[in-house]
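# Fold and geometry: a report
Below, each chain spelled out in residue letters.
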Amino acid sequence: MTSSWERRAVIDLANIRENVKRVGELVAPAAIMGVIKADGYGHGAIAVGRAAVQAGATWLGCAHVTEALKVREAGIEVPMLAWLHTLDTPFAQAITANVDLAVSGWELDHVARAAQEAAQPARVHLKIDTGLGRNGSAPADWETLLGRASSYQDEGLMRVVGVFSHLAVADEPERPETDEQLEAFNQAVALAEDAGFDLEVRHIANTPAILSRPDSHYDLVRLGLGMYGMSPFAGEEPERYGLRPAMTLTSRIANVKKVPAGSGVGYGLRYHTSVETYLGLVPMGYADGIPRSALNAPVSINGKTYLVRGTIAMDQFVVDLGPDIDVEATLDSEVILFGQGGPSVTEWADAAGTINYEIATRISPRVPRRCVEGTWGESGE
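Computed from a predicted structure; not experimentally measured.

## Notes on the UniProt feature "binding site: substrate" (unreviewed entry) in the protein chain
When the UniProt feature table is mapped onto this chain numbering, "binding site: substrate" (unreviewed entry) sits at Arg134 and Met314. On the basis of their most widely separated C-alpha atoms, the annotated residues across 181 residues do not gather in one place, lying as much as 33.2 Å apart. Mapped onto the fold, Arg134 is located in the loop between β6 (122-127) and α7 (142-154). Residue Arg134 is classed as exposed on the basis of its relative accessible area, which comes to 59%. Once residues within four sequence positions are removed from consideration, Arg134 is found in contact with Asp129 and His166. Among the residues examined, Met314 registers a relative accessible area of 42% and is labelled partly exposed. In this structure Met314 touches Gly285, Tyr286, Ala287, Asp288 and Arg366, once residues within four positions along its chain are discounted.

## Observations concerning the pattern of salt bridges
Applying the stated rule across the entire model yields 20 salt bridges. A salt bridge links Arg148 to Asp109; the nearest nitrogen and oxygen atoms lie 3.2 Å apart. Taken as a pair, Arg148 in helix α7 and Asp109 in helix α6 (residues 107-118) lie far apart in primary sequence, 39 residues in all. Its relative accessible area of 30% is what places Arg148 among the partly exposed residues. We note a salt bridge from Arg366 to Asp315, for which the minimum N-O separation is 2.9 Å. A residue pair is termed long-range when its members are at least 10 positions apart, and Arg366 in the loop between α12 (356-361) and β19 (369-372) and Asp315 in the loop between β16 (304-309) and β17 (317-322) qualify at 51 residues. Connected via shared salt-bridge partners are Glu6, Arg7, Asp288, Asp315 and Arg366.

So, how was this worked out
Residues numbered from 1 in each chain as written. Predicted model: local features only at pLDDT ≥ 70, side-chain atom pairs only at ≥ 80, totals over all residues. Heavy atoms only, no water. UniProt positions renumbered as here; feature names shortened; annotations may be inferred. Helix = DSSP H or I, 4+ residues; strand = E, 2+ residues; numbered from the N terminus. Buried < 20%, exposed > 50% of the residue type's maximum accessible area, 1.4 Å probe, protein only. Contact = heavy atoms within 4.5 Å. Salt bridge = Lys/Arg side-chain N within 4 Å of Asp/Glu carboxyl O.

In structure tokens, the structure reads:
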């Protein structure tokens, strides 16, 4: 045995930077918000945030204030927005840390009280629901929200600096609902400006809209999936858009053994060998974030593609290596689940019946992250 690791996710920060630069060329003069929620889509929020800013992103975005506060603690000071709140959200801490806050309705009074507590006005982005049906003010309530926010602004408790929304079907460019949402967004922005708000930013574009709807870019775009080098469009690889995948997930062959034809593999014995063959054991499973449902997902071992066979367990899965291998040379070989030199994350998503976003974000903390600069160049842990 010669390896010094059992499993790891290698994060290529150079690719993160190149993706941000590429999108910057597409959306100029609009600015970029690098979305680093969910620990940077599983890539590491702090490292990705720094790389995005170095490449020209002038904003960062998180779902939760608690995520944003960790970024501030790391010394990253660019404008940042947090948009998903509960009654327990630490609004005052966010205001003190200069984190902008999204407001859809109920949060407004809480943010105003927190601004009093912090003795500092809150920076607020008002959200309009243009058709996704999640957060955001209902259009019928929008003018009321604008009036309440204006009153708080007059009291010096907040400053409304943005209006935003979120698209529902931008990853299906042929659908008409995106046009309808953009029309609703334009109306909401016009009402906000008519109410006297001097807006710094108007934003609605996610990665699919960045790539397919230039009319959605406005002042600011929210770059999530594309920053990590993944495509939002079914059947289209990220390279078509000049994007480079940033995560490579790897492990090692922990055991190799010969079994006879007809041998069952894994819980439920959902796979049986058709001939005498060698089985390879990979020490990663659903506790590491590997989807249990990913039957027949591909992996790459020594430049060859093999398929996951049998049910993925909590800590391990099995590949059928075939009847003709060099056991000594195969034991401890690197197994590339997806990324540089192996299958794509989308192939794993297809095998699991889900989307590439989920595969990357679910990789668990048990899998060490290693950041590199360029293909396999070291930059530290």
